Amino acid sequence: MKMALEINELSKNYDSFHLDSISFNVPMGKIVGLIGANGAGKTTTLNLIQNNIRKDSGQVLFFGNPSEDRLPQSVAVVADTILYDETWSISQLSKIVQKFHKNWDNMEFERLLGKFRLAAGKKISQLSKGMGIKLMIAVAIAQNARLLILDEPTSGLDPMARDDICQILLDFVAEGDKSVLLSTHITHDLEKAADEVVFLVNGQVRLNDRKHSILEKHSNDRLKTLDDIILHLHEGKWAADGQGA
């Protein structure tokens, strides 16, 4: 199976926290959920993937190629807050952003605006957080990204808005040639959208498996959902004994 992202023995050491030689993959056409409590290492991992901080050891590959100083144009990051100038309208944003992306597809952007019910004339300051996340995903897709990296995109959203975001991600990977790494602490979103789950505890990968396999292996009369299983594993056998980043 071809991989959109490969993380091999990635490490980062701080005085109070160690990301301990973690490894996982994001296959083509799949949504991989990166989950863990605050301090588990999700943010450190994403910063290393994006080259925001220097790794101590390990390797990051995008589509089989080693990571360089900047992300490939085929990779887009969607944060949990709107990063654009709030005084811009959505149409102004399109004109500005497309200058930085040689593969920008304006027809696709306009199609996504209609699909996501985003009015081109609306100012960014007028968007709710959920609509802002949809806008950033639309920008990422229109720049012809093949891998989306999302950092807590549904945090603070109501259940309907979270479900909308999950469905957008499912549609994005549906044809099998695009992928998503979804960092979150909301297990419900992974239950709805993820194909595979990577569970970080105290800077280590404690679980890395297909979602359906996790449910088959660990569910019982008491543990019926992915949320039940992750909570049980975290509080029981794999309880964190320190603080992370």
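Structural data are supplied above this passage.
Scope of this entry: the structure provided in the associated data block. What you see is a predicted model, and the numbers here were worked out from it, not measured in a lab.

1. Digging into the sheet that holds strand E4 (residues 57–62)
Here is step 1 of the chain: Read from one edge to the other, the open sheet built from 4 strands follows the order E2-E1-E4-E5, with strand pairing classed as antiparallel. This sheet does not close on itself; its edge strands, each paired only once, are strand E2 (18–27) and strand E5 (65–66).
Here is step 2 of the chain: As defined by bridge partners, E4 adjoins E5 across 2 bridges and the pair is classed as antiparallel. Opposite Phe 62, over in E5, you have Asn 65 as the bridge partner.
Here is step 3 of the chain: Relative to the sheet, helix H1 (residues 42–49) contacts strand E1 (3–13), E2 and E4, its axis offset from that of E1 by approximately 115°.

2. Examining the environment of Leu 112
Here is step 1 of the chain: Here Leu 112 shows up in helix H3 (residues 106–115).
Here is step 2 of the chain: For the pair Leu 112 and Glu 152, spaced 40 residues apart in the sequence, the C-alpha separation amounts to 21 Å.
Here is step 3 of the chain: The residues touching Leu 112, leaving out its near neighbours within four places in the chain, are Ala 138, Ile 141 and Ala 142.

3. Here's the deal with helix H4 (residues 129–142)
Here is step 1 of the chain: Taking 1.5 Å per residue as the helical rise, H4 with its 14 residues ought to reach 20 Å, and the 20 Å between its terminal C-alpha atoms agrees with that figure.
Here is step 2 of the chain: Here H4 lies mainly inside the structure; 12 of its 14 residues are buried.
Here is step 3 of the chain: Taken as a whole, H4 has its buried residues at Gly 130, Gly 132, Ile 133, Lys 134, Leu 135, Met 136, Ile 137, Ala 138, Val 139, Ala 140, Ile 141 and Ala 142.
Here is step 4 of the chain: Looking at the buried positions of H4, the neighbouring elements they touch are strand E6 (75–78), helix H2 (90–97), H3, strand E7 (147–151) and helix H5 (159–173).
Here is step 5 of the chain: Among the residues trailing H4, Asn 144 stands out with phi positive, at a value near 65°.

4. Structural notes on the packing of H4 against H5
Here is step 1 of the chain: For the pair H4 and H5, interaxial distance at closest approach is 10 Å and the crossing angle is 10°. Put simply, H4 runs roughly parallel to H5. Where H4 abuts H5, its residues Gly 130, Ile 133, Lys 134, Ile 137 and Ile 141 lie against Asp 164, Ile 165, Ile 168, Leu 169 and Phe 172.
Here is step 2 of the chain: Of the residues belonging to the contact of H4 with H5, the class tally is 7 nonpolar, 1 polar and 2 charged.

5. Remarks on the pairing of strand E3 (residues 31–35)
Here is step 1 of the chain: A large share of E3 lies buried, amounting to 5 of its 5 residues.
Here is step 2 of the chain: Bridge analysis of E3 against strand E8 (residues 179–184) gives 5 bridges, and the strand direction is parallel. Residue pairing across strands places Val 32 opposite Leu 181, the latter belonging to E8.
Here is step 3 of the chain: Looking at chain direction, E3 and strand E9 (residues 196–201) are connected through 4 bridges and run parallel. Its bridge partner lying in E9, Leu 34 is registered against Val 198.

6. What about the sheet that holds strand E10 (residues 204–210)?
Here is step 1 of the chain: Spatial ordering of the open sheet is given by E6-E7-E8-E3-E9-E10, a layout of 6 strands whose pairing is mixed. Each having just a single partner strand, E6 and E10 make up the two edges of the open sheet. Mean inter-strand twist for the sheet, computed between neighbouring axes without regard to direction, equals 15°.
Here is step 2 of the chain: Set on the sheet, H1 makes contact with E3, E7, E8 and E9; between it and E8 the angle comes to about 145°.
Here is step 3 of the chain: Contacts from H5 reach E3, E7 and E8, with the element oriented near 155° to E8.

Thresholds, definitions, all that
Residues numbered from 1 in each chain as written. Predicted model: local features only at pLDDT ≥ 70, side-chain atom pairs only at ≥ 80, totals over all residues. Heavy atoms only, no water. Pairing = 2+ DSSP bridges. Helix = DSSP H or I, 4+ residues; strand = E, 2+ residues; numbered from the N terminus. Contact = heavy atoms within 4.5 Å. Axes fitted to C-alpha atoms, helices over the stretch in contact; angles between N-to-C directions. Expected span 1.5 Å × (residues − 1). Buried < 20%, exposed > 50% of the residue type's maximum accessible area, 1.4 Å probe, protein only. Parallel < 35°, antiparallel > 145°, perpendicular 65-115°, else oblique. Nonpolar A, V, L, I, M, F, W, Y, C, P; charged D, E, K, R; others polar.

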